[in-house]
Amino acid sequence: LRFLSSQDLFSVSCVSNRFSCLVNDRKIVRYLDLRKVYSRTTDDFKTFFLPRLRCRNIEHINLDHVYWIRLPSFVVKLKNLNSLHMLGTPLTFLQLKWILTSCTKLQDLSISWPDDMESDNAKQWVGGFSEVKTVLSELKTLKIMIYANPMPLLELLIHCTGLKKLVIINHHARKFFSAPRIFSDKEYTLNFPHLQELIIDHLDGSFPLYLLAGLLLKISEGCQSSADWETFWTNTPVYINGNTFDNVAVIQKCSRVFLTLTPQIWDMLCKAGPLHNLKELLVTGQAPRSINLTSIIRSCPNLKSMNIMCGLNITL
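An account of the accompanying structure is given in this report. (Residues numbered from 1 in each chain as written. Predicted model: local features only at pLDDT ≥ 70, side-chain atom pairs only at ≥ 80, totals over all residues. Heavy atoms only, no water.)

**Side note on the overall build of the chain**
For step 1, the next point in the chain: Scanning the chain from terminus to terminus reveals 13 helices and 15 strands.
For step 2, the next point in the chain: Sorting the 316 residues of the chain into buried and exposed places 51% on the buried side.
For step 3, the next point in the chain: Summarising the internal contacts of the chain: among those between residues at least 6 apart in sequence, 70% fall at separations of at least 24.
For step 4, the next point in the chain: A total accessible area of about 15,100 Å² is found for the chain, and carbon and sulfur atoms account for 52% of it. (Helix = DSSP H or I, 4+ residues; strand = E, 2+ residues; numbered from the N terminus. Buried < 20%, exposed > 50% of the residue type's maximum accessible area, 1.4 Å probe, protein only. Contact = heavy atoms within 4.5 Å. Areas by Shrake-Rupley, 256 points an atom, 1.4 Å probe, with all protein chains shown as cover.)

Written out as structure tokens, the structure reads:
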């Protein structure tokens, strides 16, 4: 049974009581990948996750883009869940908090940001994550997909003090933002003392850049105390309202860096000096300024790999 796909396990579990008991085995259901179980309905999911023993033995589950199933009703039964992936799956604020309250052993979480946290009625969720701050502080990896104003993420991030990897990506920005574009009557202080990988990937060209840049500036304040950096990845412009995101110390520590070579980034790299830890460099160019990479490569004596993602106005 361990050789069967997760979709086949749905069918096998319905053959008989004996087969159902076999599927409950931890070696079989510990890792479940349900991303392509297109033929299964909500009722099929409810039936499969009915046995308590089966739910107790599931530790890792991937539900990315399973948008046609009402999820929290069975996810909250997985008390020993260590890794939960739900990118592209609709969630509300209360559903997310319900999952965090029930799955107290989570260390790896991937979600799409709840739609209702983009509403003007911030009273329903501001401060709401403080009830699950113990679970959030134990998270090691957090990946979030955003559709609109990213600043409400700060409500969640202030509690994620144990993160080693933080990934924020955007996808298909809403045509009209229901939330205020400048978010924050409240002052947020972030702290990521253990952060090793920061990835803020600007996928959608129509997404308002200044919103992601503002979030990046805020996150950078919480990253200053992190000791062991491995990856720094951002293709978001780092200049907003006269403030420059200056993380020379982070880049000096990293072994893997991806940057869009804006004038501000170029000046920051020149200021950084020799980058002895850097082994992998990924860059994109930006018009109208022409960039010569020769001086950067000379400052990286241990560089093993370089990838020019977009060679616009880049020479060597």
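**A closer look at the pattern of salt bridges**
Opposite charge on two side chains makes pairing possible when the charged atoms of those side chains draw close.
For step 1, the next point in the chain: Summed over all chains, the structure comprises six salt bridges.
For step 2, the next point in the chain: Close ionic contact of R26 with E59 constitutes a salt bridge, the shortest N to O distance being 2.8 Å. Of this pair, R26 sits in helix 3 (residues 26-29) while E59 sits in the loop between helix 5 (52-57) and strand 2 (60-62), placing them 33 residues apart in sequence.
For step 3, the next point in the chain: Given the relative accessible area of 37%, R26 is considered partly exposed.
For step 4, the next point in the chain: Among the residues examined, E59 registers a relative accessible area of 15% and is labelled buried.
For step 5, the next point in the chain: Between K218 and E221 there is a salt bridge, and its shortest N-O distance comes to 3.8 Å. Of this pair, K218 and E221 both sit in helix 10 (residues 209-223), three residues apart, which is roughly one turn of the helix.
For step 6, the next point in the chain: Residue classification places K218 among the buried residues on the basis of a relative accessible area of 14%.
For step 7, the next point in the chain: Linked by salt bridges that have partners in common, R26, R30 and E59 make up one network. (Salt bridge = Lys/Arg side-chain N within 4 Å of Asp/Glu carboxyl O.)

**With respect to helix 12 (residues 263-272)**
For step 1, the next point in the chain: Turning to helix 12, its buried residues are I265, W266, M268, L269 and A272. Relative to the axis of helix 12, the buried residues are bounded by an arc of 160° and lie together on one face.
For step 2, the next point in the chain: Contact partners of the buried residues in helix 12: helix 11 (248-253), strand 11 (256-260), strand 13 (291-292) and helix 13 (294-298).
For step 3, the next point in the chain: Looking at the residues trailing helix 12, positive phi occurs at G273, about 75°. (Arc of directions from axis to C-beta.)

**What about the pairing of strand 11?**
For step 1, the next point in the chain: Counting buried residues in strand 11 gives four out of five residues, a clear majority hidden from the surface.
For step 2, the next point in the chain: Looking at chain direction, strand 8 (residues 231-234) and strand 11 are connected through four bridges and run parallel. Across the sheet, residue T231 finds its bridge partner in strand 11, namely R256.
For step 3, the next point in the chain: Across five bridges, strand 11 lies against strand 12 (residues 280-284) in parallel orientation. Each residue of the ladder has a partner; that of L259, found in strand 12, is V283.
For step 4, the next point in the chain: Where the polypeptide runs from strand 11 across helix 12 and back to strand 12, its parallel neighbour, the crossover connection is right-handed. (Pairing = 2+ DSSP bridges. Right-handed = clockwise from strand over helix to strand, strands pointing away.)

**Remarks on helix 7 (residues 93-102)**
For step 1, the next point in the chain: For helix 7, every residue scored as buried is listed here: F93, L96, K97, I99, L100 and S102.
For step 2, the next point in the chain: Residues of helix 7 that are buried sit in contact with helix 6 (72-75), strand 3 (83-86), strand 4 (108-112) and helix 8 (133-137).

**Let's talk about the pairing of strand 5 (residues 141-146)**
For step 1, the next point in the chain: Where strand 4 meets strand 5, five bridges bridge the pair, whose relative direction is parallel. Opposite D108, over in strand 5, you have T141 as the bridge partner.
For step 2, the next point in the chain: Bridge count for strand 5 against strand 6 (residues 165-170) is six bridges, and the pairing is parallel. Pairing of K143 across the sheet is with V167, part of strand 6.

**As for the sheet that holds strand 7 (residues 197-201)**
In any sheet, the strands associate via hydrogen bonds between backbone groups, in a parallel or an antiparallel arrangement.
For step 1, the next point in the chain: If you trace the eleven strands from one edge of the open sheet to the other, you get 1-2-3-4-5-6-7-8-11-12-14, paired in parallel fashion. Each end of this open sheet is capped by a strand with a single partner; those strands are strand 1 (31-33) and strand 14 (305-310). Between one strand axis and the next, the sheet turns through 10° on average, direction left out of account. (Axes fitted to C-alpha atoms, helices over the stretch in contact; angles between N-to-C directions.)

**Describing the nonpolar core**
For step 1, the next point in the chain: F49, L63 and I219 are the most contacted members of the largest nonpolar core, which has 90 residues in total.
For step 2, the next point in the chain: Here L63 is in contact with L34, F45, L71, F74, V75, L84, H85, M86, L87 and T89, once residues within four sequence places are set aside.
For step 3, the next point in the chain: Grouped together as the second largest cluster of nonpolar side chains are nine residues, L87, V167, I199 and W233 included. (Core = buried A, V, L, I, M, F, W, Y, C linked by side-chain atoms within 4.5 Å.)

**Some details on the packing of aromatic side chains**
Two aromatic rings, taken as a pair, are described by how far apart their centres are and by the angle between their planes.
For step 1, the next point in the chain: Following the criterion strictly, the structure yields twelve aromatic pairs and no others.
For step 2, the next point in the chain: Relative to W68, the ring of Y38 lies with its centre 5.6 Å away and its plane at 40°, an arrangement referred to as tilted. Note that Y38 is positioned in the loop between strand 1 and helix 4 (42-48) and W68 in the loop between strand 2 and helix 6, a separation of 30 residues in sequence.
For step 3, the next point in the chain: A ring pair is formed by W233 and F258, whose centres lie 4.2 Å apart and whose planes are at 40°; its orientation type is tilted. Pair noted here: W233 is in strand 8 and F258 is in strand 11, with a separation of 25 residues, a long-range link.
For step 4, the next point in the chain: Given a relative accessible area of 14%, W233 falls into the buried group.
For step 5, the next point in the chain: Grouping aromatic residues by their ring pairs yields a cluster made of F10, F45, F48, F49 and F74.
For step 6, the next point in the chain: When the ring centre of F48 is taken as origin, the NZ or CZ atom of R54, which lies over that ring, is 4.7 Å away. (Phe/Tyr/Trp six-rings, centres within 6.5 Å; stacked < 30°, edge-to-face > 60°. Lys NZ or Arg CZ within 6 Å of the ring centre and 35° of its normal.)

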